[in-house]
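What the coordinates show
Listed below are the residues making up each chain.
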Amino acid sequence: MRMLYFGIALFFLGQILGWFQLNTQYLSEWWKDRPLVAAFAMGVPTSVAFWYAWKCVAEATGSVWSARFIGSSTGLIIFPILT
């Protein structure tokens, strides 16, 4: 059960990092013309968070459909809050 909760937490982290990766260009002038910096600085940690989240949830539940549902659901929670 602990792996499931850890995976869910990583999905939330990935969603938060992904939101900032795409939207810092609107929050700060410094990020406006630096897409490659944003891609590497935030994209790599985002991808790693999602990769481990998927692994943890899929192994804990025995289903990649569960990982897909939980990953999408965390996005539906995080996006409106941050936006």
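Quick summary incoming for the structure in this document. (Residues numbered from 1 in each chain as written. Predicted model: local features only at pLDDT ≥ 70, side-chain atom pairs only at ≥ 80, totals over all residues. Heavy atoms only, no water.)

This part takes up the overall build of the chain. When helices and strands are tallied, the chain shows four helices and zero strands. Along the first, second and third principal axes, the C-alpha set of the chain runs to 45 × 25 × 20 Å. The proportion of buried residues among the 83 residues of the chain is 29%. A separation of at least 24 residues holds for 67% of the contacts in the chain among residues at least 6 apart in sequence. Carbon and sulfur atoms provide 70% of the accessible area of the chain, an area that totals close to 5,700 Å². (Helix = DSSP H or I, 4+ residues; strand = E, 2+ residues; numbered from the N terminus. Buried < 20%, exposed > 50% of the residue type's maximum accessible area, 1.4 Å probe, protein only. Contact = heavy atoms within 4.5 Å. Areas by Shrake-Rupley, 256 points an atom, 1.4 Å probe, with all protein chains shown as cover.)

Further remarks concern the packing of aromatic side chains. The final tally for this structure, using the stated rule, is four aromatic pairs. Seen in terms of ring centroids, Trp19 and Phe20 are 5.0 Å apart; in terms of plane orientation they differ by 85°. Their pairing is edge-to-face. Pairing Trp51 with Tyr52 gives two aromatic rings, centres 4.9 Å apart and planes at 80°, and the pair type is edge-to-face. The partly exposed category is assigned to Tyr52, whose relative accessible area is 42%. Over the ring of Trp30 we find Arg34, and its NZ or CZ is 4.1 Å from the ring centre. (Phe/Tyr/Trp six-rings, centres within 6.5 Å; stacked < 30°, edge-to-face > 60°. Lys NZ or Arg CZ within 6 Å of the ring centre and 35° of its normal.)

So, about helix α3 (residues 35-61). Spacing of three or four residues puts side chains on the same side of an α-helix, whose turn is 3.6 residues. Compared with an ideal rise of 1.5 Å per residue, which puts 27 residues at 39 Å, α3 spans 36 Å between its outermost C-alpha atoms and is within 8% of the ideal. Most pronounced at Gly43, the bend in α3 amounts to some 35°, and the proline Pro45 follows within four residues. Listed as buried for α3 are Ala38, Met42, Gly43, Thr46, Ala49, Ala53, Cys56, Val57 and Ala58. Looking at the buried residues of α3, the elements they touch are α1 (2-27), α2 (29-32) and α4 (64-82). Positive phi shows up at Gly62, right after α3, with a value of about 75°. (Expected span 1.5 Å × (residues − 1). Bend = angle between axes of the 7 residues up to and from the residue.)

Our next topic: the nonpolar core. Membership of the largest hydrophobic core is limited to eight residues, which are Leu4, Leu10, Phe11, Ala53, Val57, Ala58, Ala67 and Ile70. Counting residues per element, the ones that place at least two in this core are α1, α3 and α4. Setting aside residues up to four positions removed in sequence, Val57 forms contacts with Leu4, Gly7, Ile8, Phe11, Gly62, Ser66, Ala67 and Ile70. (Core = buried A, V, L, I, M, F, W, Y, C linked by side-chain atoms within 4.5 Å.)

Moving on to a nonpolar patch on the surface. On the surface, Leu36, Phe40, Val44, Val48, Trp51 and Tyr52 cluster together into a nonpolar patch covering about 680 Å² of accessible area. Along the chain, Val48 turns up in helix α3. (Patch = residues over 30% accessible without salt bridge, like charges linked within 9 Å, V, L, I, M, F, W, Y side chains within 5 Å. Salt bridge = Lys/Arg side-chain N within 4 Å of Asp/Glu carboxyl O.)

Here we take up the environment of Leu76. Inspection of the secondary structure puts Leu76 in helix α4. Look at Leu76 and you get exposed, because its relative accessible area is 65%.

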